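# Coordinate inspection notes
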Amino acid sequence: MAQGMPNQPKFLPRIERSGGNSYVATASGNPFETDEDEEIFSRHKMVLRVPSDCTGDLQHLTVSRNWLVCILGTGERTTLLRFFLPRAIPPGELALEKYLSGSGYKITRIFLDPTGHHLIVALVPRSASAGVSPDFLYIHCTESPQAQQLKVRRIEKLKDHEITAVAFNPYHGSDATTGSILLGTSRGLVFETELSPAMEGHVQRKQLYDLGLGRPKYPITGLKLLRIPNSSRYIVVVTSPECIYTFQETLKPEERSLQPIFAGYVSGVLEPHCEERKTDLTYSQLRFFAPPNSKYPKQWAWLCGEGLRVGELSIEGNSAATLLGSTLIPLDFEKAKHLSYEERRLSIPKAFVLTEYHAVLLYADHIRAICLLNQEQVYQESFDEARVGRPLSIERDDLTGSIYVYTARTVFNLRVTREERDVWRIYLDKGQYELATAHAAENPEHLQLVLAQRADAAFAEGSYQVAADYYAETTKSFEEVCLKFMALPDKRPIIDYVKKRLSRLTTKAPRLEAAEMESGECAADQSDVIKALVIWLIDLYLIQINMPDQNEEWRRAWQSEYDELMRQPPVLACTRANRTAVQQLIAEHADPHNLAQFAIAIGDYDEVVGQQLKAERYTEALQTLTKQREPELFYKYAPELMTKLPKATVEALMAQGARLEVERLVPTLIQLETREQREQTTRYLEFAVYKLNTTNDAIHNFLLHLYAEHDPKSLMKYLEIQGRDETLVHYDIHYALKVCTDMDRKEACVFLQCLLEMWIMAVELALKFDMKLAKETASRPTDSGMRRALWLRIAYHDIKDTNDVKKALNLLKECELLRIEDLLPFFSDFEKIDNFKEAICDALRDYNHRIQELQREMAETQEQSDRVCSELQQVRNYSIKMTPQDTCTICEMMLLVKPFFAFICGHKFHSDCLEKQVLPMLTKERSRRLSTLKQQLEAEVQQAAQTKPSSLTKQQAVELQQKRAALKTEIEDILASDCLFCGLLIDTIDQPFVDDWEQVNVEWE
């Protein structure tokens, strides 16, 4: 069963603290929390609201989860009271005298489970002659809105056994049941049982182990059940006056019994881990410390005859050892052997509790606290036994951490106030700097002390690098630290120290900067301090980089660090602001590489490239040039680089792409002294033409000239790509023709002459070296007459003086414009007609076919002409009859009441209805023209109305009438050029109904 959380009772509302003596605890069980700087431990008296009918001395007290249970007794009456500390509610009350006085028992111990709902009261005979055996009571505690219910039951199954220790089960216990728990007896026996109100008369017990081995007196003084976090491994810690035992076993997840933990030890397979200590005491005490709300303790402590043993617990599931790091805090028990009984009683602790860093021990007349880290006493306070009663014991609430000390008449709360406050100093004194730093982290002053001492210790040990790191985190005088490190031959520590100080100065908060300035650390303005640190760092690095007698690996390592430093934004900003000083410093070290790198970093590429070219480091200059983004530097330095590194320079220019203006690179590209320069220039020009799509004629002319001079094949490819449209080419055709003529590039000349439509010259030139090209050229003109003339020239060149009939016949097949009669004059007068017989017959048949085709076409044309004349005659006689019943096709009103248009298709429209429909379909130009015509017509009409007919001559009246008629005619041509339904709407059938769907969607929404 999962452990249940206790329900906080709702008896009475919370009572606010008043100025009286009544005590109301806080939710943590400690009502004395203030913000004052107090001692670590302070004792405060608690006032419990004990019912008026309950009297007697306080005999026992225990506390768990803010539930405080105490027993008050007199000779006649014994009462158990149960308080809920966070609220001032009536306590639970139970009378125990019937279980004690009448039976001859007395209470030795009480045990409260972690939930605060299960209480075990151990009973022993008052005397040997009482005639009873040891026993114990089980009390189950519950709450309701009205009151607390305490139900007591005697457990008969464990009669005859004096219970001296109990290990409750925090993993399976709840408000209703304890789960499986362990009980230790005065004879060294360990039992398992489970207690709950529902198990009335059915309590089972199992003896799990016997540590006493039959001895009549071997009390178990401590018993604890633990489970390692995130595992099923259980640990049982058992103590006797002189021994501490540990048992451990891994249980199945569903296992609820604790017997398997001891099974291997009972069978003899395993032996419990045991540590024995000599003692003259008849008791010992086992305590654990766990942070609030944690079920697994962090530390353990055992008060035994040697003193106080303290250690940590293992959290490893497979660890063989459980109790780790045992430290003995001696309590001078050996000296107490020689003291009187009264003196010994006062010098030996009766009980103790454990906090995170202290052990609080209760003596017969005082209380004291010892620090676990350095074993020094940090607190001691005495009790006035006559006033407060005899101190009985001390308890700690594991849930809240509150500590309670009780005497026979008083309960005290031992307040713990920031017990960790001096832990950092203890660790610092012990040289445990990591722990000291961790505990001092929240207080800047303490942290500074720790770091300063840690740095001093590292410097004294010779760990200069470590010392530099810690010195950089302190506020120690900069000059003092630098003087220490400057005396060392190794400059690595001083460099790292200065770098860290610079980093702190550029990244720390303004509040810390102001504090340091006030403390005198930074005497000058912050920017001046940063400038000084940066320049000093540069100087230190350059000394190391240019250190003589060092290998290349040394230089590369320091150079890498230097480059990283110079790339940091604060350093870069500082060096840009103080570029002159930095450049002078680098120049003094005679380091051209870093001088160039610095110039690049601050963007002064002009200076860098110029220096590199002066030093003839052309490759470095080109690399620098490519790193920057300023085109002007390419125009300035590329010509010189082209003479030394043609290929690399062109690649750099091509990498810039369209960022560079090709026209401004001409001074670079005219470097043609070597073949490589020429090839690379051509390469870039091709890139500009084909990739950048430049249209500058100078660039195209330059490329064409290079092709013509050195690469005729590429020349023809270029010309073909540019095309044969004179208006689309990007080079000067006349210039290209001149260059190609000078270079004797005949094929290119033919191509260019064709562009200039110099067909005859092109064909004559082509005939000199390529007949096929001549024929292709002759076929290009669009004018058939020119083509025929060109083919005749080819025929003359091909046939003259050869009389090759076969060639002549082939020419007839190649050109449809040539006839046999065109070629006959090119043959000699003595050529036999038989050779042309077939060609002449083909020509005559062709003439006959063409004559027949012309006759047929003439007949068809005459027929069509007659039909058109007939239709025109019918149109002249066509009329449209209008009746009074005719209506407008658009508005369906009577047609004759207003001016109208009637179309030959039968549709009739009022002129204004038609205008409304046609106007949106007009173009902007025609719409504006229509508006102008209507205004002019209206002006003419108004002028005619204002002018008297008698004042106009007959000729003027006719001219005005003709002008108005012309305006009306043009308006009608615009509006009624075609029927609305039979023409205009059909033309717009492919147009969408809606142009702006977004506007339509808005309107529909």
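Whatever comes next refers back to the structure up there.
Rules used throughout
Residues numbered from 1 in each chain as written. Predicted model: local features only at pLDDT ≥ 70, side-chain atom pairs only at ≥ 80, totals over all residues. Heavy atoms only, no water. Axes fitted to C-alpha atoms, helices over the stretch in contact; angles between N-to-C directions. Helix = DSSP H or I, 4+ residues; strand = E, 2+ residues; numbered from the N terminus. Parallel < 35°, antiparallel > 145°, perpendicular 65-115°, else oblique. Left-handed = near helix turned anticlockwise from the far one by under 90°. Contact = heavy atoms within 4.5 Å. Nonpolar A, V, L, I, M, F, W, Y, C, P; charged D, E, K, R; others polar. Buried < 20%, exposed > 50% of the residue type's maximum accessible area, 1.4 Å probe, protein only. Polar contact = N/O pair within 3.5 Å; in protein donor to acceptor, adjacent residues only side chain to side chain. Pairing = 2+ DSSP bridges. Core = buried A, V, L, I, M, F, W, Y, C linked by side-chain atoms within 4.5 Å.

Where helix α25 (residues 712-722) meets helix α27 (residues 746-755), the closest approach of the two axes is 10 Å, and the angle between their N-to-C directions is 15 degrees. In terms of orientation, α25 lies roughly parallel with respect to α27. Two packed elements cross with a definite hand, and for α25 against α27 that hand is left-handed. Across from Leu-715, Met-716, Leu-719 and Glu-720 in α25, the residues of α27 making contact are Glu-747, Ala-748, Phe-751 and Leu-752. The residue makeup of the contact of α25 with α27, split by class, is six nonpolar, no polar and two charged.

Attention shifts here to the side chain of Arg-287. Secondary-structure assignment places Arg-287 in strand β18 (residues 285-289). Since its relative accessible area comes to 15%, Arg-287 is described here as buried. A distance of 2.7 Å separates the side chain of Arg-287 from the backbone oxygen of Phe-352, its partner in a polar contact. Excluding residues that lie within four positions of it along the chain, Arg-287 makes contacts with Gln-299, Trp-300, Ala-301, Phe-352, Val-353, Leu-354, Ile-394 and Glu-395.

Our next topic: the sheet that holds strand β11 (residues 180-185). An order of β10-β11-β12-β13 is seen for the four strands of this open sheet, with the pairing classed as antiparallel. For this open sheet the edge positions go to β10 (163-167) and β13 (205-210), each flanked by a neighbour on one side alone. Pairwise comparison of adjacent strand axes, ignoring direction, gives a mean angle of 30 degrees for this sheet. Two strands pair when backbone bridges link them, and β10 and β11 are joined in this way by four bridges, in the antiparallel orientation. The residue bridging Ala-165 from the neighbouring strand is Gly-184, located in β11. Helix α2 (residues 259-266) rests against β11, β12 (189-194) and β13 of the sheet, and its axis sits at about 40 degrees to β13.

Moving on, we come to the nonpolar core. Taken as a class, soluble globular proteins show a tendency for nonpolar side chains to be buried jointly. Residues Tyr-684, Leu-715, Tyr-718, Leu-719, Tyr-731 and Leu-752 are the most contacted members of the largest nonpolar core, which totals 68 residues. Ignoring any residue separated from it by four or fewer positions in sequence, one finds Tyr-718 in contact with Val-689, Tyr-690, His-700, Leu-703, Leu-704, Tyr-707 and Tyr-731. Grouped together as the second largest cluster of nonpolar side chains are 42 residues, Tyr-470, Ile-538, Val-571 and Leu-595 included.

Our focus in this paragraph is the sheet that holds strand β15 (residues 233-239). The strands making up a sheet associate through hydrogen bonds between their backbones, and the pairing can be parallel or antiparallel. Taken together, four strands build an open sheet; the order of strands is β14-β15-β16-β17 and the sheet is antiparallel. Among the strands making up the open sheet, the edge pair consists of β14 (222-227) and β17 (273-276). Within this sheet the neighbouring strands show an average axis-to-axis angle of 10 degrees, counted without direction. Here seven bridges tie β15 to strand β16 (residues 243-250), and the two strands are oriented antiparallel to one another. The residue of β16 that forms the bridge with Tyr-234 is Glu-249.

Time to look at the packing of helix α7 (residues 433-440) against helix α8 (residues 444-461). Their axes nearest at 8 Å, the elements α7 and α8 cross at an angle of 160 degrees. Put simply, α7 runs roughly antiparallel to α8. When the axes of α7 and α8 are compared, the crossing they make is left-handed. Counting all contacts with α7, which are made through Tyr-433, Glu-434, Ala-436, Thr-437 and Ala-440, the residues of α8 involved are His-446, Leu-447, Val-450, Gln-453, Arg-454 and Ala-457.

Remember that the coordinates give geometry; whether it matters functionally is a separate question.
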